[in-house]
Amino acid sequence: ITAASNGGTTGETYTAGEALTAGNLCYITSSGTIMKADANDSSKLAQGFVLGSISNGASGTFYRGHGKITGLSGLTAGSRYFLSNTITGGISLYAGLTYATNDIQQYVGRAESTTVLAFEPGDTILIS
């Protein structure tokens, strides 16, 4: 991921609970910080994304809900993407997912081009 753009989504200021990179999919923790979404934990579903890197403990802008993440590379235009279960905060095509018990499957958007993901967070399915 080299850069990100929100496509019109309004951002909110949050403190990062870990180091975040532009384009990471994130969730809001119970303590109010943002951290990378994780398909290996049903409480960590993707709620939004960050546009720029944020150091652990620093404040930054979090974009909740729908928006466009640009500056990505290697996407397959028109394809559906899911929260990765191998790269925390990342995305994957369905074919790249390898689920274990208690993982979640979450649709996160469709590639508009090889560099743009229209982020559309969906409901999760618990793998049992």
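Residues numbered from 1 in each chain as written. Predicted model: local features only at pLDDT ≥ 70, side-chain atom pairs only at ≥ 80, totals over all residues. Heavy atoms only, no water.

Just to check I follow, could you spell out the side chain of glutamine 105 for this structure?
The residue glutamine 105 is located in strand β9 (residues 104–111) in this model. Overall, glutamine 105 belongs to the buried group, its relative accessible area being 16%. Residues contacting glutamine 105, with those up to four places away along its chain left out, are Phe82, Tyr94, Tyr99, Asp123, Thr124, Ile125 and Ile127. (Helix = DSSP H or I, 4+ residues; strand = E, 2+ residues; numbered from the N terminus. Buried < 20%, exposed > 50% of the residue type's maximum accessible area, 1.4 Å probe, protein only. Contact = heavy atoms within 4.5 Å.)

Explanation requested: the nonpolar core in the structure shown.
With 17 residues, the main nonpolar core has Leu25, Phe49, Ile69, Leu83, Val108 and Phe119 as its most contacted residues. Only β7 (80–83), β9 and β10 (117–119) provide two or more residues apiece to this core. Top contributing element to this core by residue count: β9, with 3 residues. Apart from the residues within four sequence positions on either side, leucine 83 is in contact with Leu25, Ala37, Asp38, Ala39, Lys44, Ala46, Gly90, Leu97, Ile104, Gln106 and Val108. (Core = buried A, V, L, I, M, F, W, Y, C linked by side-chain atoms within 4.5 Å.)

When you look at the sheet that holds strand β5 (residues 59–64) in this model, what are you seeing that I'm missing?
Sheet strands line up and pair through hydrogen bonds in the backbone, either parallel or antiparallel. One open sheet holds the 5 strands; their spatial order is β1-β5-β4-β2-β3, and the pairing between them is antiparallel. Because the sheet does not close on itself, it has two edges, and the strands there are β1 (11–15) and β3 (34–36). Neighbour to neighbour, the strand axes of the sheet diverge by 45 degrees on average, direction disregarded. In this structure, strand β2 (residues 25–28) lies alongside strand β4 (residues 48–50), joined through 2 bridges in antiparallel fashion. (Pairing = 2+ DSSP bridges. Axes fitted to C-alpha atoms, helices over the stretch in contact; angles between N-to-C directions.)

That is the geometry; function is a separate question.
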